[in-house]
Amino acid sequence: VYTPGNVVVATPSGGLPVVVWIHGGGYIFGAASLYDGADLIVDSNYGIITVVLQYRLGLFGFLPGEAVKEGGALNAGLLDQNYALQWVQAHISKFGGDPMKVTIWGQSAGAGSVIQHVVAQGGNTQPPLFRTAMTSSTFVASQYNYNDRIPEYGRERNKASLFIFGRSRAHTQTHSCGSSSDTLSCLRAIDVNTLQTLNYNISLDGFYGMIPFVPVVDGTFIVERPTVTLSKGRLNGKYLLAVVNTHEGNILVNQSTTMNVADFIRTIYPNFGPAQITEAAAMYQNMGSNVNQANNVMSDSFGERAWKKQGLFAIPPGLHGMDVGEYFTSYTYISGAASFYDGADLIMESNHGVITVVLQYRLGLFGFLAGEAIKEGGALNAGLLDQNYAFQWVQAHISHFGGDPTKVTIWGESAGASSVTQHIVAHGGNTQPPLFRAAMTSSMFLSSQYNYNDHTVQYGRERNKASPFTINIWPLPSQYPPHSCSSSSDTLSCVRAADVNTLQTLNYNTNLNGHHGTLTFVPVVDGTFIVEKPTVTLSKGRLNGNYLLAVVNSHEGNIFVNQSMTMNVADFIRTIFPNFGPAQITGAAAMYQDMGSNVNQANLVMGESFGERAWK
């Protein structure tokens, strides 16, 4: 539960509106910890309470079949969500929320879950659990009866589903419950790690884009197919806002497929007869290549055509999930958490041949505040120093977990990949003793790296002052008093005395108010840990580690460019590289001026920030 401040006072009308977020992930992965509910509070100008809920996933949350009906709980993941909504009704007023003004909102499978709650109990849940529903990229999978041949995988109806009988690729022991008189009890006796591995392998081995664990019609909570209940107009809640992206379906299609659209439809809709397949294929046969036709088929699984009249996220490339960053604002070196990543995934992908360490480090102004005052009385590049300390810990202790400290690979993505590069060049490329053997970077974002006391970092302030973002120049909610340190004789001490919520709000607003794609809090040349610009050290060949593998994506820079901009490439370059002189701007602009529209040129400029051409 996220509230606008430490002290919440209910308003006379009953309290603040409440938004309950249900995460996506194909009903197989995802976590509440991936989403910071405070983002929605800031987006609302501190006018809501946010609740982010967790629910069981995969076979733990959506195991179907007759055996589960008789001795377990069908749609357990949905029941978890339902229980959370009941909890909100009972307790949200204690946090300053109004239980009569609850909106449930989800993305992808989370949006599919929202639809399940809209139609739950035949659209007549009593007492009501929410007033409004919002869906982003609603994924509604084919929803069968719990004991249909598809969920049962062709097994006898008194057996649990087939997928739990097989041999796990990662375990040599076979766990077969097929001959058990009580299949469900047999399953419950299996080690949870074995079940989780099966969970993973089932999803991995299926037809591309097919989701094995999804809600079913259970006859109690979901009494009929959602489309049937929707068509009757029997719905929980009073209002619905639905948003889709331009190209939702691509994520569920192998973009190298050569399968024709009829065969594709036959595969994903196994209950379709020949006439239905022919009729459905005819709807898509004039929509370009086989891949494009399949993309459009899967886009309709997200209701792309049905929901467009309500809301469309069309910022190119408009792929599934790209809108989430607009709600839960994410900035490089400003957000993220170790809890977003399950290290067990890498272990399984390595056939259980590695030890995984996922590290946390300070972010934003807490980790990358720069300036003369920080050099004199604090720690420059504190976030990098956190990472460095974690590497030292690995060297000292990983052997206790069965790891070899001489075979350490560090790997990061985006700002994490940039951090990897910082460690490659740390101490002039001569960190002793060595902390890793190999380095891997994915989508490495290498921002302009200035000296800690450069005028760009100092924001034009006197060099004995901390950077001006510590001054209250942005409006704060009423519970945060103005906190100005510009006149203090000890700016850093003044900043340290500020309330952490005030600093976090400044953290957010500083990035929000900047030019689209420019980052405020990034590593600097500190003269000690990072002794010179990384490109200089790299050019000298003085590098920590023996091996480097670098991976980039095709269109890395688009995320940092406002896709509606009209600025020409010279002005764009001038804005993001403020130290460039006229000749440098002209020379750089000439490299991109024949590369399409202004937006495309800017995309390519930012693509170079990821080393797109260098690392390909």
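These numbers were taken from a predicted model, which means no experiment stands behind them.

*Asks:* Would you mind going over helix H12 (residues 290-299) with me for this structure?
*Replies:* Quick reminder: α-helices carry 3.6 residues per turn. Residues three or four places apart thus point the same way. The buried fraction of H12 is high, at 7 of 10 residues. Every buried residue of H12 is accounted for by Val291, Gln293, Ala294, Asn295, Val297, Met298 and Ser299.

*Asks:* Is there a simple way to explain the packing of aromatic side chains in this structure?
*Replies:* We describe a pair of aromatic rings using the distance from one ring centre to the other and the angle between the two ring planes. For the structure on display, the rule yields 10 aromatic pairs. Note on Trp393 and Phe401: the rings are 6.0 Å apart at their centroids and 50° apart in plane angle, and the pair reads as tilted. Note on Trp393: relative accessible area 36%, which makes it partly exposed. When its relative accessible area of 52% is taken as the criterion, Phe401 is described as exposed. Aromatic rings pair up to connect Trp21, Tyr35, Trp105 and Tyr327 into one cluster. The ring of Tyr146 carries the charged tip of Lys69 above its face, separated from the ring centre by 5.3 Å. Taking NZ or CZ as reference, Lys375 lies 5.3 Å from the ring centre of Tyr452, over its face.

*Asks:* What exactly am I supposed to notice about helix H25 (residues 582-590) here?
*Replies:* Along H25, the residues classified as buried are Ile585, Ala588 and Ala589. Viewed end-on, H25 has its buried residues packed into an arc of 100°, placing them on one side of the element. Opposite the buried face of H25, at more than 90 degrees from it, the exposed residues are Ala583 and Thr586. Those residues of H25 that are buried are in contact with helix H24 (569-576).

*Asks:* What am I meant to see in the pairing of strand S1 (residues 16-22) here?
*Replies:* Within a regular beta strand, the side chains point alternately toward one face of the sheet and then the other, so they alternate between its two faces. Most of S1 sits inside the fold, with 6 of its 7 residues counted as buried. Looking at chain direction, S1 and strand S3 (residues 97-107) are connected through 6 bridges and run parallel. Note on S3: the bridge partner recorded for Ile22 is Gly106. The sheet contact formed by S1 and strand S2 (residues 49-53) spans 5 bridges and is parallel. If you follow Ile22 over to S2, its bridge partner there is Leu53.

*Asks:* Would you explain empty space enclosed by the protein in this entry?
*Replies:* By rolling a water-sized probe across the atoms, one finds the places where empty space is left. Tallying each qualifying case throughout the model produces 4 cavities of 30 Å³ or more. Taken together, Asn82, Leu85, His117, Ala120, Thr125, Pro128, Leu129, Phe130, Phe221, Asn236 and Gly237 form the lining of the largest cavity. Breaking the lining of the largest cavity down by element, the ones donating at least two residues are helix H4 (76-91) and helix H5 (109-123). Here the residues of the lining of the largest cavity are counted per class, giving 6 nonpolar, 5 polar and no charged.

*Asks:* Could you clarify how one ought to interpret the side chain of His423 in this entry?
*Replies:* With respect to the secondary-structure elements, His423 resides in helix H19 (residues 415-429). Overall, the relative accessible area of 3% leaves His423 in the buried class. In terms of polar contacts, His423 uses its side chain to reach the side chain of Gln387, at 2.7 Å. Sequence-distant contacts of His423, defined by excluding residues within four places in its chain, comprise Leu384, Gln387, Asn388, Phe391, Ile410, Phe436, Phe529 and Asn544.

*Asks:* Just checking my understanding: could you explain the sheet that holds strand S9 (residues 547-551) for this structure?
*Replies:* The strands that make up a sheet are held in pairs by hydrogen bonds between backbone atoms, and each pair lies either parallel or antiparallel. Pairing in this open sheet of 3 strands is parallel, and the strands run S7-S8-S9 from one edge to the other. Looking at which strands have only one partner, the edges of the open sheet turn out to be strand S7 (409-413) and S9. Strand-to-strand twist across the sheet, computed as the mean angle between neighbouring axes with direction ignored, equals 10°. Inspection of the sheet shows strand S8 (residues 438-442) paired to S9 by 5 bridges, in the parallel sense. Bridged to Ala438 within S9 is Tyr547.

*Asks:* Would you mind showing me how to read a nonpolar patch on the surface here?
*Replies:* There is a patch of nonpolar side chains on the surface, built from Ile355, Val357, Trp393 and Phe401 and spanning about 390 Å² of accessible area. Along the chain, the position of Val357 falls in the loop between helix H15 (343-349) and helix H16 (364-368). Judged by its relative accessible area of 45%, Val357 is partly exposed.

*Asks:* What is the right way to read the environment of Ile150 from this model?
*Replies:* With respect to the helices, strands and loops of the structure, Ile150 is situated in helix H6 (residues 149-152). For the pair Ile150 and Asn271, spaced 121 residues apart in sequence, the C-alpha to C-alpha distance is 8.7 Å. Sequence-distant contacts of Ile150, that is, excluding residues within four places in its chain, are made with Tyr144, Pro270 and Asn271.

*Asks:* Where do I start with the packing of helix H10 (residues 261-268) against helix H11 (residues 274-282) in this structure?
*Replies:* When two helices pack together, their arrangement is captured by the angle between the axes and the distance separating the axes. H11 packs onto H10 with a crossing angle of 125° between their chain directions and a minimal axis gap of 9 Å. The angle between H10 and H11 places the two elements in the oblique class. Crossing of H10 over H11 shows right-handed handedness. Every residue of H11 that contacts H10 at Val261, Ala262, Ile265 and Arg266 is listed here: Ile277, Ala280 and Ala281. Tallied by class, the residues present in the contact of H10 with H11 amount to 6 nonpolar, no polar and 1 charged.

*Asks:* Looking at this structure, I do not really get the packing of helix H18 (residues 382-397) against H19. What am I missing?
*Replies:* For the pair H18 and H19, interaxial distance at closest approach is 11 Å and the crossing angle is 70°. By the angle between their directions, the pair H18 and H19 is classed as roughly perpendicular. Like other packed secondary-structure pairs, H18 and H19 cross with a definite hand, here right-handed. Counted together, Leu384, Gln387, Asn388 and Phe391 of H18 and Ser419, Gln422 and His423 of H19 form the full contact between these two elements. Here the contact of H18 with H19 is composed, by residue class, of 2 nonpolar, 5 polar and no charged.

*Asks:* Would you take a moment to explain the side chain of Asn147 for this structure?
*Replies:* Note on placement: Asn147 falls in the loop between strand S4 (132-136) and H6. Among the polar contacts listed, one links the side chain of Asn147 to the side chain of Glu66, at a separation of 3.4 Å.

*Asks:* Looking at this model, I keep getting lost on the environment of Glu532. Mind explaining?
*Replies:* Looking at the element boundaries, Glu532 is found in the loop between helix H22 (500-512) and helix H23 (534-540). Accessibility expressed as a relative area gives 18% for Glu532, which makes it buried. Expressed as a C-alpha distance, the spacing of Glu532 and His427, which sit 105 residues apart in the sequence, is 9.1 Å. For Glu532, the residues in contact, after removing those within four places along its chain, are Val525, Thr537 and Lys540. Reaching out from Glu532, the side chain makes a polar contact with the side chain of Thr537 at a distance of 2.8 Å.

Scoring rules and cut-offs
- Residues numbered from 1 in each chain as written.
- Predicted model: local features only at pLDDT ≥ 70, side-chain atom pairs only at ≥ 80, totals over all residues.
- Heavy atoms only, no water.
- Buried < 20%, exposed > 50% of the residue type's maximum accessible area, 1.4 Å probe, protein only.
- Helix = DSSP H or I, 4+ residues; strand = E, 2+ residues; numbered from the N terminus.
- Phe/Tyr/Trp six-rings, centres within 6.5 Å; stacked < 30°, edge-to-face > 60°.
- Lys NZ or Arg CZ within 6 Å of the ring centre and 35° of its normal.
- Arc of directions from axis to C-beta.
- Contact = heavy atoms within 4.5 Å.
- Pairing = 2+ DSSP bridges.
- 1 Å grid on protein atoms, 1.4 Å probe; cavity = no way out; pocket = protein on both sides within 12 Å on 5 of 7 lines; lining within 4 Å.
- Points joined across faces, edges and corners; volume = space filled by probe spheres on them.
- Nonpolar A, V, L, I, M, F, W, Y, C, P; charged D, E, K, R; others polar.
- Polar contact = N/O pair within 3.5 Å; in protein donor to acceptor, adjacent residues only side chain to side chain.
- Axes fitted to C-alpha atoms, helices over the stretch in contact; angles between N-to-C directions.
- Patch = residues over 30% accessible without salt bridge, like charges linked within 9 Å, V, L, I, M, F, W, Y side chains within 5 Å.
- Areas by Shrake-Rupley, 256 points an atom, 1.4 Å probe, with all protein chains shown as cover.
- Salt bridge = Lys/Arg side-chain N within 4 Å of Asp/Glu carboxyl O.
- Parallel < 35°, antiparallel > 145°, perpendicular 65-115°, else oblique.
- Left-handed = near helix turned anticlockwise from the far one by under 90°.

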